[in-house]
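Observations on the model geometry
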Amino acid sequence: MKEAVINWNGFLNDLEHQVLSAQISNQVLALIAVQIRHLPIYNFRLGFQGGEAIIAEMLARLGKSMKRALCIERIAPDRFAVVVPQIGVPELLAISARKLLADLAEPFMVGREIVSVTAAIGISQYPDHGATAEALMSEVEWSLHSTIGDATAFHITTKTHSDQQLMLMQMGADLHTAIADESLSLYYQPKLDLKTLAPVASEALMRWTLPDGTRITPDQFIPVAEASGSIHKLTQWAINTALREGVEVNFPDRDYSVAVNVSASSIYDPGLVTIVESALAIWDLPPQLFTLEVTESMLIKNPELCFRHLSRIRDMGVKIAIDDFGTGFSSLSYFKTIPADEIKIDQSFIKAMADNDDDEKIVGSIIDLAHKFGLQVVAEGIQSAPVLHKLQALGCDIGQGYYLAKPMVLEDYQRWLKGVEKAPGGRG
Ligand code: C2E
Ligand code: CA
Ligand code: CA
């Protein structure tokens, strides 16, 4: 097995050399970057040697899968780069990328543990995406970056970046200052008790407004924040802001809960426990009125570490909700061990319920099973009265969706609550 030393400079030399000969002989090349996802987590779980054993295995598999490779090197702790002579038909590149991902994901033993690694692949091609080794490397980095949050986990760079992609790249740095210059805000989307239709809670959803007034949605900037390292600051800001504004909403005598979303890397960060602890100490919101929403897919990546952090937060009295439930392919046996209070059935099931009996059955069984394990069930993405009525009939506890209420700025949310409370049958 080839020793997996990091050889960034050597690789860059090789790539320069390959680009030069491709230029001379009028050939095309593909540069493939392979990232082993969550290596620090493996290092944590299996020790550094375990992490290195994974890298060595992946390198061996790369060699086997990519027999035509001109060079293969480890270029960073969690990254390999491969140069292959261009496969004639571009579509074949996508097929080989998929096959490579499947090869890398085959489970194997590290010590006494079974490991199945998730990898991401980025691809750039000479001469379409760059005429120099440096240009191809930066294209392939962007390509790899574009796989964040993408289930297919591979990306072939397109010839030109969209203006928006370039803007976001530039914005990575600006996110660091976004908190200080008050361009971030939280919108609140109410969660309603489906029996009484009374509001019981809200979910805080982050928005970023640029100086020119453009509003960027979290699906766009959260991956940028993850990549640029500002995500922990954003999480800390969101938790503190939601608690502070939660107190404001509840003053003097209401008891609406507020939920904050936590992203993948924050959940694995031991600092999250301290952030929650100190925010609760600063703001006067009772912990049971505060919920953290974590997605199901984050949990199944490393359940032990995730569960440990969540249990410590739960011990403080804070509620945990499992977001996007049903999309992470976790087994139902999770219900037994999950340190959670609430599950949020993914919007895709709820939207499909409108005209699909199968989805209604799935939602029905999730609700029944969750109730057996004492979990509260939230349906998100309710967009019509028929879906609302179906969910009520299925015994779903809480509902959220544009049909009930859209996300609102704090002042509008407060006004909305006052209106609901004054209405006949309202809480007030
Ligand atoms: P999510 O946690 O699943 O949040 C629900 C998303 O669905 C929100 O989008 C919400 O505006 C939208 N939504 C609610 N009801 C409906 C409906 O009836 N129909 C449709 N089509 N959409 C509905 P948003 O605000 O753009 O947030 C997207 C995602 O970004 C969130 O998904 C969450 O994962 C993430 N996010 C939001 N705020 C934060 C944050 O403060 N921190 C982190 N880490 N992630 C956040
Ligand atoms: Ca959420
Ligand atoms: Ca969700």
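Residues numbered from 1 in each chain as written. Chains lettered and ligands numbered in written order. Predicted model: local features only at pLDDT ≥ 70, side-chain atom pairs only at ≥ 80, totals over all residues. Heavy atoms only, no water.

**Digging into the coordination of the calcium ion (ligand 3)**
Our working definition: Counted as coordinating are nitrogen, oxygen and sulfur atoms within 2.8 Å of the metal, or 3.2 Å for Na, K and Ca, while water is not included, which may make sites look incomplete. Helix and strand assignments come from DSSP, with helices taken as H or I runs of at least 4 residues and strands as E runs of at least 2, each series counted from the N terminus. Buried, partly exposed and exposed residues are distinguished by accessible area as a fraction of the type maximum, computed with a 1.4 Å probe on protein chains only: under 20%, between the cut-offs, and over 50%, respectively.
Distances from the calcium ion (ligand 3) to its protein donors, namely Asp-323 (OD), Asp-324 (OD), Glu-380 (OE) and Glu-380 (OE), fall within the range 1.9 to 3.1 Å. Linear spacing of the donor residues for the calcium ion (ligand 3) on their chain is D-D-x55-E. In this structure, the calcium ion (ligand 3) lies 4.3 Å away from the calcium ion (ligand 2), the two metals sharing Asp-323 as a donor. With Asp-324 in strand E13 (residues 319-325) and Glu-380 in strand E15 (residues 376-380), this residue pair connects regions lying 56 residues apart in the sequence. We classify Asp-324 as partly exposed; its relative accessible area is 25%.

**Let's talk about the coordination of the calcium ion (ligand 2)**
The protein atoms that coordinate the calcium ion (ligand 2) are Glu-203 (OE), Asn-261 (OD1), Glu-293 (OE) and Asp-323 (OD), at distances of 2.2 to 2.3 Å. Written as a sequence motif, the donor arrangement for the calcium ion (ligand 2) is E-x57-N-x31-E-x29-D.

**Topic: the site of ligand 1**
Operational definition: One heavy atom suffices: a residue is near a molecule or strand as soon as one of its heavy atoms comes within 4 Å of it. Residues adjacent in sequence count toward polar contacts only when both atoms are side-chain atoms; beyond that, a polar contact is any pair of N or O atoms within 3.5 Å, and within protein one must be able to donate a hydrogen and the other to accept it. Per-residue accessibility takes into account occlusion by the displayed protein chains alone, with areas from the Shrake-Rupley method and a 1.4 Å probe.
In the vicinity of ligand 1 there are 22 residues, among which Arg-207, Asp-323, Gln-347, Gln-383 and Tyr-402 approach most closely. Separating an oxygen atom of ligand 1 from a side-chain N or O atom of Arg-207 is a distance of 2.8 Å. Within the backbone of Tyr-402, one N or O atom sits 2.7 Å away from an oxygen atom of ligand 1. In isolation ligand 1 exposes 800 Å². Once the protein is present, 85% of that is buried. Listed by contribution, the elements that provide at least two residues to the shell around ligand 1 are strand E9 (199-209), helix H6 (218-228), E13 and helix H13 (347-352).

**Re the packing of helix H7 (residues 231-250) against helix H16 (residues 410-422)**
The relative placement of two packed helices is expressed as an angle between their axes plus a distance between the axes. Counted only if it meets this: Comment: axis = line fitted to C-alpha atoms, over the contacting stretch for helices; angle = value between 0 and 180 degrees taken between N-to-C directions. The cut-offs work like this: below 35 degrees is roughly parallel, past 145 is roughly antiparallel, 65 to 115 is roughly perpendicular, and the gaps in between are oblique. For any helix crossing, the convention is left-handed if the near helix is rotated counterclockwise from the far helix by under a right angle, and right-handed if that rotation is clockwise. Any two residues whose heavy atoms approach within 4.5 Å at even a single point are treated as in contact. Only Asp, Glu, Lys and Arg are considered charged, only Ala, Val, Leu, Ile, Met, Phe, Trp, Tyr, Cys and Pro nonpolar, and every remaining residue, Gly among them, polar.
As a packed pair, H7 and H16 sit with axes 11 Å apart at the nearest point and diverge in direction by 30°. In terms of axis orientation, H7 runs roughly parallel to H16. Crossing angle aside, the handedness with which H7 passes H16 is right-handed. On the side of H7, the interface is formed by Glu-245, Glu-248 and Val-249, while H16 contributes Leu-410, Tyr-413, Gln-414 and Leu-417. Taken together, the residues of the contact of H7 with H16 break down into 4 nonpolar, 1 polar and 2 charged.

**A word on the packing of aromatic side chains**
Inclusion rule: Between the rings of Phe, Tyr and Trp (Trp by its six-membered ring), a pair exists once the centres lie within 6.5 Å; its type follows the angle of the planes, with under 30 degrees stacked, over 60 edge-to-face, and the other angles tilted. We call a charge positioned over a ring when the NZ of a Lys or the CZ of an Arg lies within 6 Å of the ring centre and within 35 degrees of the ring normal.
Here the structure, examined in full by the defined rule, presents 2 aromatic pairs. The interplanar angle of 75° and the centroid separation of 5.8 Å between the aromatic rings of Trp-208 and Phe-221 together place this pair among those described as edge-to-face. Taken together, the residues span a long stretch of sequence, with Trp-208 in strand E9 and Phe-221 in helix H6 at a distance of 13 residues. It is Arg-207 that lies over the ring of Tyr-187; its NZ or CZ is 5.3 Å from the centre. Lying across the ring of Tyr-402, Lys-406 places its NZ or CZ 5.1 Å from the centre.

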